[in-house]
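A closer look at the structure
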Amino acid sequence: MAARIDSTRPHTARIWNYWTGGKDNYPVDREVGDQIRTLHPGIGDYALADRRFLGRAVRHLAGSAGIRQFLDIGTGLPSADNTHQVAQSVAPDARIVYVDNDPLVLVHARALLTGTAEGSTDYLDADLRDIDTILEQAAKTLDFSEPVALMLLGVVIFIEDDEESYGVVRRLMDALPSGSHLALSHTITSPSMPDVDAAVAFWNEHGTPRLTQRTPEQVERYFDGLELLPPGVVSCNRWRPDAAEPLTPEEVAMYGGVGRKP
C-alpha cells in the first residue's frame, strides 16, 4: 500500500489536512496549499466550516434523529471529531463504516479510528463510484434494513459529470431504507466569490484529483426526493450553528445540507 502514496504530487486530502491544522501532509502539499490560500485567503475558513458541519450534522443524526448507523464515504484524513467519535459520544452503540480510496487515509484510519466497545468501526478501500462493492462490504457491519446516515462531505466534487454525480447519490440512497438520511457538502461557485473559482482553477492545474464546483441550486438537486431539513442547503457555517462557535465568516464557499428519506 505504501507504494501507492505519491509524496511528490499534492493531494486534496493532505492539503485539506494541512489547512485544518493537521500534520499528515508533505512539503508539496503545504506549498500548493499556501499558494491556493494566497489566491483565496478564506480557504481555511471553509475547510473548518465543513468539519464543524460534520460534527453538528452527526450530533443531530445520532441524537434527535435516532440514527445508529453511518456510512461515511470520502472521509479524508483523520482529525479531531471524526464521525465515529461524534456519533459514539451521543450513542456508544453506533456503527460506522468509513470508505476512501486514498492509501494514506486508509493507513491512518486503521491506526487511529478506533471506536467504542459497544459500537463498531470499519474501513473500506473503495471509490465512490464502486457502489456495489461499497454496499456489499458495508453490509458486514451495517444492517441495511434499518436507517443509515449516508455522509458525503466534500466528495461528489470529484465527479465531474453532473448526471453521473447525481446518479451515484441516488443509487446509494435507493439502497437505504425509509428513515435514512443524507448529509452532503460541496464546494460552490458564486459570482460573489470569484477568488474561489481562481483557487479551484489553480488546484485543477497542479493537484489531484480534479475538483468540480457547482452552484447552490445544483447542490440542492442532490436532495431531490428527500425531506430537506431546515435550514436547507446553506453555507456550512449557517447550518444549525452552535452558540459556542463563532459564526465567522457567515458565508463560506462550502455549502451543506441534511435530508431524510421518507
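Residues numbered from 1 in each chain as written. Predicted model: local features only at pLDDT ≥ 70, side-chain atom pairs only at ≥ 80, totals over all residues. Heavy atoms only, no water.

1. Thoughts on the overall build of the protein chain
- Secondary structure assignment for the protein chain yields nine helices and eight strands.
- Scaling as 2.2 N^0.38, a compact globule of 262 residues should have a C-alpha radius of gyration of about 18 Å, and the protein chain matches this with 17 Å.
- Here the C-alpha coordinates of the protein chain stretch approximately 45 × 40 × 40 Å along the principal axes.
- Here the protein chain holds 262 residues, and 53% of them are scored as buried.
- The long-range fraction of contacts in the protein chain, counting pairs at least 24 apart against all pairs at least 6 apart in sequence, stands at 72%.
- With the model as given, the accessible surface of the protein chain reaches about 11,100 Å², and the carbon-plus-sulfur share is 50%.
- Positive and negative charge centroids in the protein chain, built from 24 and 38 side chains respectively, lie 2 Å apart. (Helix = DSSP H or I, 4+ residues; strand = E, 2+ residues; numbered from the N terminus. Rg over C-alpha atoms; globule rule 2.2 N^0.38 Å. Buried < 20%, exposed > 50% of the residue type's maximum accessible area, 1.4 Å probe, protein only. Contact = heavy atoms within 4.5 Å. Areas by Shrake-Rupley, 256 points an atom, 1.4 Å probe, with all protein chains shown as cover. Lys, Arg positive; Asp, Glu negative; His and termini not counted. Charge placed at Lys NZ, Arg CZ, Asp CG, Glu CD.)

2. A word on the packing of aromatic side chains
- Considering all chains together, one arrives at three aromatic pairs under this definition.
- With 5.5 Å between their ring centres and 90° between their planes, Phe-53 and Trp-239 make a pair best called edge-to-face. Residue Phe-53 is located in helix H3 (residues 43-62), and its partner Trp-239 is located in the loop between strand E7 (234-235) and strand E8 (254-260); the two are separated by 186 residues in the primary sequence.
- You can call Phe-53 buried: its relative accessible area is 0%.
- Between Tyr-166 and Tyr-222, the ring centres sit 4.5 Å apart and the planes meet at 50°, which makes this aromatic pair tilted. (Phe/Tyr/Trp six-rings, centres within 6.5 Å; stacked < 30°, edge-to-face > 60°.)

3. Focus on the nonpolar core
- Of all hydrophobic cores here, the largest spans 78 residues; its most connected members are Phe-70, Leu-71 and Leu-152.
- The leading source of residues in this core is H3, at 10 residues. (Core = buried A, V, L, I, M, F, W, Y, C linked by side-chain atoms within 4.5 Å.)

4. Observations regarding the pattern of salt bridges
- Scanning the entire structure with this criterion turns up 11 salt bridges.
- Taking the shortest distance from any N to any O, the salt bridge between Arg-37 and Asp-34 comes out at 3.4 Å. Remark: Asp-34 and Arg-37 occur in helix H2 (residues 27-39); sequence separation between them is three residues, near one turn of the helix.
- Overall, Arg-37 belongs to the partly exposed group, its relative accessible area being 28%.
- A salt bridge links Arg-129 to Asp-127; the nearest nitrogen and oxygen atoms lie 3.5 Å apart.
- The network of salt bridges with shared partners includes Asp-127, Arg-129 and Glu-164. (Salt bridge = Lys/Arg side-chain N within 4 Å of Asp/Glu carboxyl O.)

5. A word on the side chain of Arg-56
- Within the secondary structure, Arg-56 is located in helix H3.
- What makes Arg-56 buried here is its relative accessible area of 5%.
- Engagement of the side chain of Arg-56 in a polar contact is seen with the backbone oxygen of Arg-240, the distance being 3.1 Å.
- Beyond its immediate sequence surroundings of up to four residues, Arg-56 is in contact with Cys-236, Asn-237, Trp-239, Arg-240, Pro-241, Asp-242 and Glu-245. (Polar contact = N/O pair within 3.5 Å; in protein donor to acceptor, adjacent residues only side chain to side chain.)

6. A look at helix H7 (residues 162-174)
- Compared with an ideal rise of 1.5 Å per residue, which puts 13 residues at 18 Å, H7 spans 18 Å between its outermost C-alpha atoms and is within 8% of the ideal.
- Every buried residue of H7 is listed here: Ser-165, Tyr-166, Gly-167, Val-168, Val-169, Leu-172 and Met-173.
- Residues of H7 that are buried sit in contact with strand E1 (69-73), helix H6 (131-138), strand E4 (149-153), strand E5 (181-187) and helix H9 (216-220).
- One side-chain oxygen at the N-terminal end of H7 lies 3.2 Å from the backbone nitrogen of Glu-163; it belongs to Asp-161. (Expected span 1.5 Å × (residues − 1).)

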